[in-house]
Amino acid sequence: MIIIPQGLRYYSKYVENNSIDKFKQEIKQAEVKQTYEPGEEIMRVNSVGLETVIVEGTDNKYLKYYACHFEGTAMPGEEGNFSVAGHSSYLYNQVFNELHKVKINDEIEIETTKGIFKYKITEKFDTEAENTSVLTQD
């Protein structure tokens, strides 16, 4: 009973770390692109030690290993809400387990092939998974 969850966590972290390393290599090797492709982001929240890859789409197969960008919401640097989902649990990658510790004015960095976009936390609240109003593009 202890080995299976530990194995899942280890494997999930392994998949995530490989994706981060691959993306960092792409940034080093490529010139800055003129076009932006979704799924080319690294999210950092230094105040809680978070660094993870963000992939496009919120299918369960992605949520096990990554933070996931909600399709139809703004991309980094665009006007609107750049919305991301991820697990906060003791199964799989535990991407957002420490996110509850962020504070107002903490900074979130999203690194893409076009540069680094910085966001500042201005509000913090809990919401239910069914509440899609937080995805509204206002």
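Residues numbered from 1 in each chain as written. Predicted model: local features only at pLDDT ≥ 70, side-chain atom pairs only at ≥ 80, totals over all residues. Heavy atoms only, no water.

**With respect to the pairing of strand β6 (residues 115-120)**
Bridge count for strand β5 (residues 107-112) against β6 is 6 bridges, and the pairing is antiparallel. For Ile110, the partnering residue across the bridge sits in β6 and is Phe117. Joining the antiparallel neighbours β5 and β6 is a turn of 2 residues. (Pairing = 2+ DSSP bridges. Helix = DSSP H or I, 4+ residues; strand = E, 2+ residues; numbered from the N terminus.)

**With respect to the sheet that holds β5**
On the basis of which strands lie adjacent, the open sheet formed by 6 strands has the order β4-β3-β2-β1-β5-β6 and mixed pairing. Looking at the sheet topology across the chains shown, the edges are occupied by β4 (84-85) and β6. As judged from the 3 bridges shared by strand β2 (residues 50-56) and strand β3 (residues 67-69), these two strands associate in the parallel manner. Note that in β3 the partner of Glu56 across the bridge is His69.

**Brief notes about the pattern of salt bridges**
A complete count under the given rule lists 4 salt bridges for this structure. Here the residues in one salt-bridge network are Arg44, Glu51, Glu109 and Glu111, joined through shared partners. (Salt bridge = Lys/Arg side-chain N within 4 Å of Asp/Glu carboxyl O.)

**As for the layout of surface pockets**
Estimates place the volume of the largest pocket at around 1,600 Å³. Taken together, 35 residues line the largest pocket, and the ones lying closest to its centre are Val84, Leu99, Phe125, Thr127 and Val134. Elements with a minimum of two residues in the lining of the largest pocket: β4, β5 and β6. Across the lining of the largest pocket, the residue classes break down as 16 nonpolar, 13 polar and 6 charged. (1 Å grid on protein atoms, 1.4 Å probe; cavity = no way out; pocket = protein on both sides within 12 Å on 5 of 7 lines; lining within 4 Å. Points joined across faces, edges and corners; volume = space filled by probe spheres on them. Nonpolar A, V, L, I, M, F, W, Y, C, P; charged D, E, K, R; others polar.)

**Some points on the environment of Val48**
Relative to the helices and strands, Val48 resides in the loop between β1 (41-45) and β2. Between the C-alpha atoms of Val48 and Asn97, which are 49 residues apart in sequence, the distance is 9.5 Å. Residues in contact with Val48, not counting those within four places in the same chain, are Glu98, Lys101 and Val102. (Contact = heavy atoms within 4.5 Å.)

**Points about the nonpolar core**
Grouped together as the largest cluster of nonpolar side chains are 13 residues, with contacts concentrated most on Met43, Val45, Leu50, Ile54, Phe96, Ile108 and Ile110. Listed by contribution, the elements that provide at least two residues to this core are β1, β2 and β5. Those residues in contact with Ile108, other than ones at most four positions away along the chain, are Met43, Arg44, Val45, Phe117, Lys118, Tyr119 and Ile121. (Core = buried A, V, L, I, M, F, W, Y, C linked by side-chain atoms within 4.5 Å. Buried < 20%, exposed > 50% of the residue type's maximum accessible area, 1.4 Å probe, protein only.)

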